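Structural characterization, general
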Amino acid sequence: MTAEAQGVGRSTEPIDLQALVETIPALVVCALADGSAEFANRAWHEYTGCSSPELTGWGWHATIHPDDLPNFIQEWTVATAAGKPFETEARVRRADGEYQWFAIRKALAVSRDQVGEPSLRALIACEDIHERRQAQERLQQSEQRWQTAFENSAIGIMMRDRADRFFAANRAFRDMLGYTESELYQLCQLDVTYEEDRELNLELVGELWAGKRQHFQIEKRYRRKDGTLVWVRNNVTLVPGTGGAAFFLFTIVEDITERKKEESERRSIEQRYRVMVETASDAVVCIDEKGAILLANPATTKVFGYDPADLIGKPLTMLMPEYLRKLHEDGFRRYAATGQRHINWQGTELTGLRKNGEEFPVEISFGELTADGHRIFTGFVRDISERKQAEELRASLYATQLELAQVSRLTTMGELAASIAHEVNQPLTAVTNNANACLRLLARRNLDPEVLHRALEEIVADGTRASAVIARIRAFIKKAPAERKELDINDVIQEVLALARRELSENRVLLELELMKTLPLVLVDRVQLQQVLLNLIMNGIEAMTAVTDRRRTLWVQSHVGEAGDVLVAVRDSGSGLGSEGDHVFTPFFTTKTNGMGMGLSISRSLVESHGGRLWATPNSPHGAIFSFTLPAAAGSPP
Amino acid sequence: MTQAPVVFVVDDDPSVRSSLKFLMSSVGLQVESFDSADALLQRKLPDAPSCLVLDVRLRGLSGLDFQRELAARNCHMPIIFITGHGDIPMSVRAMKAGAIEFLTKPFRDQDLLDAVRIALEKDRERRERKKEVSDLKERFNSLTPREQKVISMVVSGMLNKQIADQLGTAENTVKVHRSRAMEKMRAQSVAELVKMIDKLESSVEP
């Protein structure tokens, strides 16, 4: 017998245990020592909705959740055997079939029947702990969830105490640093912070602990276990411990190594570009949509003579001569409105204006960039004065060569003429002498028929000889077309333009080239064709010298004509042909004060000798067009 | 006794050469033709008025070079140039060197014949002048040294007395030398003698 039971046994008063138990609002079962129920109180009946017979004996066990029952019986058995108090938690079925958590305890009570015979009873009381239990479960679940989230977060999370020692660190953080959890908890945060970043970090942490701030953000480097560095952005918050626990630092750690790398790459690219622009020998000038200068590099000083700082905000047109400004403004406006480019953006040759008023040739390339909704145009301006001089030198050398070629051709012609004269004059002289001698003898009636016969024979022989000379010359002249070669007429045009470049620029004539890229070849004498083209181009330039009220433009075009031949047109915006249009091809007709009037006449002959045609038409609204055709060389692809 | 005039023709063109010969023969001229300058130089030139019709363009020595060569050989035969294609500098050079005419082929026959006539006339005059001077030289050389001395003093305008004084002899002796020298020189007067001596002195040929 236990002490408890003995204690109960001291009273001898009869106790109506059932009546007593009925008054308890909790669920109570009165059981025998083995646990079989004698009765259950009303509360139990009401809660379970079971009748008395259902609950008595072992029936009440059926109201305990089957999952909890084995444990319940186990603990009961153990407690009973050990004589220890029994207390457990289990779910008990409600009348509606739902189970609720209860704390179930056992108390021993002595029951005295009418005869006063005491008997030991076990009172099993159930306290409703459903709410508490649920709250506990929820808390557990929440903690578990949080733990899962903490552990599995892609962002590093760690916590450390006032001594800077880690006490929690998730996988992301551990992976970031390459330490295991246990290794990490041996370390301080400062241990893994990169040496150079420690001071700032310490200072900020100090401010947190000193209450000067609740939170800070820092970008710094950690040294990984393998010695490499990792860039992180830490959001550090001071968290007060709940329930009097110690304050700690809660840190969210974001790996920004990639971003830092990109940033540094971008910076180094920017740096490189800046260095390129700053050290470029070409002037680099950026303008906005209105044509105002936003930026100019140091080379601008060398090229234009202006201090870059003085150019900011000024219109770009101040870097070009007066006569180009309107052209630029119109073109720029048109481009801004329609996107239509009126000049080549890569390597256009134009004229620049230096601070000292000097005009000089430049080569310009443009780039366009849209930044924050604004269009920025960048021009790369190269001073090509020296190159131009070299080109002109080359052109003048070439012109000299051409002249020499012509002179030598003339000399050859002169020599040929002398040779022809001599060759023909010899037999002619003999013929005349012989005939004259005969005449004289005849006059004196002294002409012996035999002498006459011999003289006539000689005359015939010399006549034959003279015609043989002529035939030989003709054969020689027929050989002349051997000078003709298959050429791309565009090449010849370019050669001649090189000769005319100085004239074009000195007379401020704008050249517009429209050369068809794939033209059939033509079989021509290069020098003769050069003469024709040079003649037409120089005529065009001269025709515009008096023009002051409009742009002086010379168009040189090449394309395939309707008949598959090659057509070249030289068009000017000059004074035009007027009423003299019909006469321009007449030899010795000229409108120029110092002209011979032979150029167009010779040009036409030269073109015609190549099987082509040369003609003139008025240009609209001003000027003239001189066009010529040349047949495509046999076998040349159309 | 001088021989009949001769026209020499040098032209490397056989038909021109023969036609020239025919033409000039038709007016009775004696013509000798050669195909090169060298061939002409081989021939001993006759003692007769002569001239040369020369083509500028020749094989070997050119006409102009030949002109210079003849002058160097002290041959002063007048030259008429003919050319198939002459230019002005060439003709100027030829004329400066003493050419009679510069004709461009084909020329008018009369122009050539006129030029030949002029050339032969010039040569005849030249030859006559040359003959006269050599006669005078012969006469002058026949004088004794004393007579030569006396007449050279007479020609310089000195009087007999002055000559006698200078030579340290009698005036009469001077008179004898003088008249003998005049006779040998076949001079009718002192004026004629002066002309003769003048011709002799100026005829020192180049």
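Residues numbered from 1 in each chain as written. Chains lettered and ligands numbered in written order. Predicted model: local features only at pLDDT ≥ 70, side-chain atom pairs only at ≥ 80, totals over all residues.

Concerning the overall build of chain A
Filter applied, for reference: Going along the chain from the N terminus, every DSSP run of H or I of four or more residues is numbered as a helix, and every run of E of two or more is numbered as a strand. We call two residues in contact whenever the C-beta atoms placed from their backbones are within 7 Å.
Within chain A one finds 19 helices and 22 strands. A separation threshold of at least 6 residues defines the contact pool for chain A, and within that pool the share at least 24 residues apart is 52%.

Here's the deal with the overall build of chain B
Spelled out, the test is: Exposure classes come from backbone-placed C-beta atoms, where a residue is buried if 20 or more other C-beta atoms lie within 10 Å of its own, exposed if 12 or fewer do, and partly exposed in between.
When you go through chain B residue by residue, the secondary structure sums to 9 helices and 5 strands. When its helices and strands are written in sequence order, chain B yields β-α-β-α-β-α-β-α-β-α-α-α-α-α. For chain B, with 206 residues in total, the buried portion stands at 32%. Restricting to contacts in chain B with at least 6 residues of sequence separation, those with at least 24 account for 62%.

Examining the environment of A:N425
Mapped onto the fold, A:N425 is located in helix α15 (residues 385-443). According to the C-beta neighbour criterion, A:N425 is buried, with 23 such atoms within 10 Å.

So, the pairing of strand β15 (residues 374-383) of chain A
Residue and element names in this part refer to chain A. Using the following cut-off: Whether two strands pair depends on DSSP finding at least two bridges between them.
Examined bridge by bridge, strand β11 (residues 283-287) and β15 share 5 bridges and lie antiparallel to one another. Counterpart to V285 in the pairing with β15 is G379. Bridge count between strand β14 (residues 359-371) and β15: 10 bridges; the pairing is antiparallel. Note that in β15 the partner of E368 across the bridge is F377. Turn length for the β14-β15 hairpin, with the two strands adjacent in sequence and antiparallel, is 2 residues, and the turn residue D372 shows positive phi of about 50°.

Comments concerning the environment of A:L497
Residues and elements named next belong to chain A. Position of L497 relative to the elements: it lies in helix α17 (residues 489-506). The class of L497 is partly exposed, set by 18 C-beta atoms lying within 10 Å. Placed 102 residues apart in sequence, L497 and A395 show a C-alpha to C-alpha distance of 9.1 Å.

Section: the interface of chain B and chain A
For the record, the criterion: For this scheme, ten residues count as nonpolar: Ala, Val, Leu, Ile, Met, Phe, Trp, Tyr, Cys and Pro. Four count as charged, namely Asp, Glu, Lys and Arg, and the remainder, Gly too, count as polar.
Chain B puts 16 residues into the contact, and the matching count from chain A is 20 residues. Among the elements that take part in the side of chain B that touches chain A, helix α1 (residues 14-26) of chain B stands out by supplying 8 residues, more than any other. Residues of the side of chain B that touches chain A, tallied by class, amount to 6 nonpolar, 6 polar and 4 charged.

With respect to unusual backbone geometry
Going from A:S620 to A:P621, the amide bond is cis rather than trans, its omega being 0°. Along the chain, the position of A:P621 falls in the loop between β21 (614-618) and β22 (624-630). Backbone geometry places B:N74, a non-glycine residue, at a positive phi of 60°. Summarising the element assignment, B:N74 is placed in the loop between α3 (63-72) and β4 (79-83). Taking the number of C-beta atoms within 10 Å as the measure of exposure, B:N74 has 8 and is therefore exposed. Residue B:R186 is not a glycine yet carries a positive backbone phi of 55°. Mapped onto the fold, B:R186 is located in the loop between α8 (171-185) and α9 (190-202). Given 12 C-beta atoms within a 10 Å radius, B:R186 is considered exposed.

Regarding the sheet that holds β14(A)
All names here are of chain A. The condition is simple: Every axis corresponds to a line fitted to the C-alpha atoms, with the helix fit spanning only the stretch in contact, and the corresponding angles, defined between N-to-C directions, vary from 0 to 180 degrees.
Spatial strand order, β12-β11-β15-β14-β13: 5 strands in an open sheet with antiparallel pairing. Two strands bound the open sheet, and with one partner strand each, they are β12 (293-296) and β13 (348-353). Direction aside, the axes of adjacent strands within the sheet are offset by 35° on average.

Topic: the sheet that holds strand β1 (residues 6-10) of chain B
For sheets, the rule is that strands pair by backbone hydrogen bonds, running either parallel or antiparallel. Residues and elements named next belong to chain B. Pairing is parallel across the open sheet formed by 5 strands, whose spatial order is β2-β1-β3-β4-β5. One side of each edge strand has no neighbouring strand; the edge strands of this open sheet are β2 (30-34) and β5 (101-104). Within the sheet, the average angular offset between the axes of one strand and its neighbour, ignoring direction, is 20°. Where β1 lies against β2, 5 bridges are found, and the strand directions are parallel. Directly across from V6, in β2, lies its bridge partner Q30.

So, the packing of helix α6 (residues 145-155) of chain B against α8(B)
Residue and element names in this part refer to chain B. What counts here: Should an angle lie under 35 degrees it is considered roughly parallel, over 145 roughly antiparallel, and from 65 to 115 roughly perpendicular; all remaining angles are considered oblique.
At their nearest, the axes of α6 and α8 sit 9 Å apart, and the two run at 90° to each other. Classified by the angle their axes make, α6 and α8 are roughly perpendicular. Contact residues: α6 offers R146, E147, V150, I151 and V154, while α8 offers V174, H177, R178, R180 and A181. Its residues assigned to classes, the contact of α6 with α8 comprises 5 nonpolar, 1 polar and 4 charged.

Observations regarding the packing of helix α7 (residues 160-167) of chain B against α8(B)
All names here are of chain B. Where α7 contacts α8, the two axes come as close as 8 Å, and the packing angle between them is 110°. One element, α7, and the other, α8, form an angle in the roughly perpendicular class. Contacts between α7 and α8 involve N160, K161, I163 and A164 from the former and E171, V174 and K175 from the latter. When its residues are assigned to classes, the contact of α7 with α8 shows 3 nonpolar, 1 polar and 3 charged.

As for the nonpolar core
Within soluble globular proteins, side chains that are nonpolar tend to cluster in buried spots. Heads up, the rule is: We call a set of buried Ala, Val, Leu, Ile, Met, Phe, Trp, Tyr and Cys residues a nonpolar core when their C-beta atoms link them within 7 Å.
Counting 39 residues, the largest nonpolar core has B:V10, B:V53, B:L54, B:I80, B:F81 and B:V116 as its most contacted members. Sequence-distant contacts of B:V116, that is, excluding residues within four places in its chain, are made with B:V7, B:M24, B:L29, B:C51 and B:I80. Residues A:V522, A:V532, A:V566 and A:A632 belong to the second largest nonpolar core, which totals 37 residues.

As for the pairing of strand β19 (residues 553-560) of chain A
Bridge analysis of strand β17 (residues 510-515) of chain A against β19(A) gives 6 bridges, and the strand direction is parallel. Of the residues in β19(A), the one forming a bridge with A:L510 is A:T553.

Focus on the confidence of the model for chain A
Which entries qualify depends on this criterion: Per residue, pLDDT captures the predictor's confidence, and it can take any value from 0 to 100.
Per-residue confidence for chain A averages 83 on the pLDDT scale, and 88% of its residues sit at or above 70. Every residue in residues 1-9 of chain A scores below 50 in pLDDT, and together they form 10 contacts with partners more than four places removed in sequence or on other chains.

Structural notes on the environment of A:F360
All names here are of chain A. Mapped onto the elements, F360 comes out in strand β14. A C-alpha to C-alpha distance of 7.8 Å links F360 and I384, two positions 24 residues apart in sequence. Here F360 is in contact with G352, R354, D383 and S385, once residues within four sequence places are set aside.

Concerning α1(B)
Residue and element names in this part refer to chain B. Spelled out, the test is: Multiply 1.5 Å by the residue count of a helix minus one, and that product is the helix's expected span.
Look at α1: 18 Å from first C-alpha to last across 13 residues, which is about the 18 Å you get at 1.5 Å a residue. For α1, a buried count of 11 out of 13 residues is recorded, marking the element as mostly surrounded by other parts of the structure. Among all positions of α1, only S15, V16, R17, S18, S19, L20, K21, F22, L23, M24 and S26 are buried. Immediately downstream of α1, the backbone of G28 shows phi near 85°, a positive value.

Details of the confidence of the model for chain B
With 95% of its residues at a pLDDT of 70 or more, chain B shows a mean pLDDT of 87. In the model output, the complex is listed with pTM 0.39 alongside ipTM 0.74.

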